[in-house]
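Descriptive analysis of the structure
Residue-level listing of the chains:
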Amino acid sequence: GENVEQHPSTLSVQEGDSAVIKCTYSDSASNYFPWYKQELGKRPQLIIDIRSNVGEKKDQRIAVTLNKTAKHFSLHITETQPEDSAVYFCAASLFSGYSTLTFGKGTMLLVSP
Amino acid sequence: GAGVSQSPRYKVAKRGQDVALRCDPISGHVSLFWYQQALGQGPEFLTYFQNEAQLDKSGLPSDRFFAERPEGSVSTLKIQRTQQEDSAVYLCASSISGGAVYEQFFGPGTRLTVL
């Protein structure tokens, strides 16, 4: 089955800095890679996703890159703000039929004012 | 509109008790997933329903875990003879289609503590 590794487990940055979270996956058939943000005690919420037919996707301050050859993908947050503080999870799945998500262990991002 | 709801939000059980966790998906969503999230970990897949059909239960950790969705809407996850290792947050998610993957919308979870 799929295995997703996520690094780092914690990340502390100053407000305004950039943050990068990296994930690797094991199943070369995976072709859908969402990122979820989970604030303390709250539900995970999708913030951005990428499918394997593109190498990069941006949405305002958030971007995701994908390298299918190397089987890794990354989340980039620019101009971080304190409200970006949360746990971020990457996930991988197959974009066909029904497909369950395999999540990484999460990265706790702390943005200090 | 209303999102995915789960009840109870918190459940404390004594070891050996049975518990039932409820999930109300977004109306009209075909797909329903259950995940288990241990402290400090990512969600781990338990089981998947397409309408009332349980198509995948490969993630259920033991035969003490049982899930149902009899009318293709509300789902219940039941855990029999709870053990301490069952302590976790149980997340339910729904998505609009049972075909290609669409965004999974998560509920707030039920935090189960087994004493």
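Structure: above.
Scope of this entry: the structure provided in the associated data block.

What to know about the nonpolar core
Trp35, Phe73, Leu75 and Leu109 of chain A are the most contacted members of the largest nonpolar core, which totals 23 residues. Looking at this core, the elements that each hand over two or more residues are strand 2 (10-14), strand 3 (19-25), strand 4 (32-38), strand 5 (45-51), strand 7 (62-67), strand 8 (72-77), strand 9 (86-92) and strand 11 (107-112) of chain A. When near neighbours in sequence (up to four residues on either side) are disregarded, phenylalanine 73 of chain A contacts Ile21, Lys22, Cys23, Tyr25, Phe33, Trp35, Thr65, Leu66, Cys90 and Ala91 of chain A. Grouped together as the second largest cluster of nonpolar side chains are 20 residues, Ile26, Phe49, Ala67 and Tyr90 of chain B included.

Thoughts on the packing of aromatic side chains
All names here are of chain A. Tallying each qualifying case throughout the model produces 14 aromatic pairs over all chains. Aromatic side chains tyrosine 25 and phenylalanine 73 sit 6.0 Å apart centroid to centroid with 55° between the ring planes, which places their arrangement in the tilted category. Residue tyrosine 25 is located in strand 3, and its partner phenylalanine 73 is located in strand 8; the two are separated by 48 residues in the primary sequence. Taking 4.8 Å as the distance between ring centres and 45° as the angle between the ring planes, the aromatic pair formed by phenylalanine 33 and phenylalanine 73 counts as tilted. Highlighted residues: phenylalanine 33 in strand 4 and phenylalanine 73 in strand 8, separated in sequence by 40 residues. Here phenylalanine 73 falls in the buried class, since its relative accessible area comes to 0%.

Overview of the state of the cysteines
Applying the stated criterion across every chain, the model contains 2 disulfides over all chains. Note on cysteine connectivity: cysteine 23 of chain A is disulfide-linked to cysteine 90 of chain A, with sulfurs 1.9 Å apart. Disulfide cysteine 23 of chain A-cysteine 90 of chain A: the torsion about the S-S bond is -100°, which places it as left-handed. Of the two residues, cysteine 23 of chain A sits in strand 3 while cysteine 90 of chain A sits in strand 9, which places them 67 residues apart along the sequence. The buried category is assigned to cysteine 23 of chain A, whose relative accessible area is 1%. Linked covalently through their sulfurs, cysteine 23 of chain B and cysteine 92 of chain B form a disulfide whose S-S length is 1.8 Å. With the S-S bond torsion at -65°, the cross-link from cysteine 23 of chain B to cysteine 92 of chain B turns out left-handed.

Quick notes on the layout of surface pockets
Where empty space is left in the structure can be found by rolling a water-sized probe over the atoms. Estimates place the volume of the largest pocket at around 750 Å³. Forming the boundary of the largest pocket are 35 residues, of which Gln38, Leu40 and Val87 of chain A together with Leu39 and Gly40 of chain B lie nearest the centre. Examining the composition of the lining of the largest pocket, we find that 4 residues originate from one element, strand 11 of chain A, more than from any other. Space inside the second largest pocket adds up to approximately 350 Å³. For the second largest pocket, the lining is made up of 17 residues, of which Glu2, Thr102 and Phe103 of chain A together with Pro43 and Glu44 of chain B are closest to its centre. With 3 residues, the single largest contributor to the lining of the second largest pocket is strand 1 (residues 4-7) of chain A.

Overview of the interface of chain B and chain A
The interface is formed by 23 residues belonging to chain B together with 20 residues belonging to chain A. Buried area between chain B and chain A, both sides added, is near 1800 Å², and the carbon and sulfur share of it is 57%. At the boundary of chain B with chain A, the tally comes to 0 salt bridges. Counting every contact that joins chain B to chain A gives 6 residue pairs in polar contact (both at pLDDT 80 or more).

What counts as what
- Residues numbered from 1 in each chain as written.
- Chains lettered and ligands numbered in written order.
- Predicted model: local features only at pLDDT ≥ 70, side-chain atom pairs only at ≥ 80, totals over all residues.
- Heavy atoms only, no water.
- Core = buried A, V, L, I, M, F, W, Y, C linked by side-chain atoms within 4.5 Å.
- Buried < 20%, exposed > 50% of the residue type's maximum accessible area, 1.4 Å probe, protein only.
- Helix = DSSP H or I, 4+ residues; strand = E, 2+ residues; numbered from the N terminus.
- Contact = heavy atoms within 4.5 Å.
- Phe/Tyr/Trp six-rings, centres within 6.5 Å; stacked < 30°, edge-to-face > 60°.
- Disulfide = S-S within 2.5 Å.
- 1 Å grid on protein atoms, 1.4 Å probe; cavity = no way out; pocket = protein on both sides within 12 Å on 5 of 7 lines; lining within 4 Å.
- Points joined across faces, edges and corners; volume = space filled by probe spheres on them.
- Buried area = accessible area lost by both parts, 1.4 Å probe.
- Salt bridge = Lys/Arg side-chain N within 4 Å of Asp/Glu carboxyl O.
- Polar contact = N/O pair within 3.5 Å; in protein donor to acceptor, adjacent residues only side chain to side chain.

Purely geometric stuff here, so don't read any function into it on its own.
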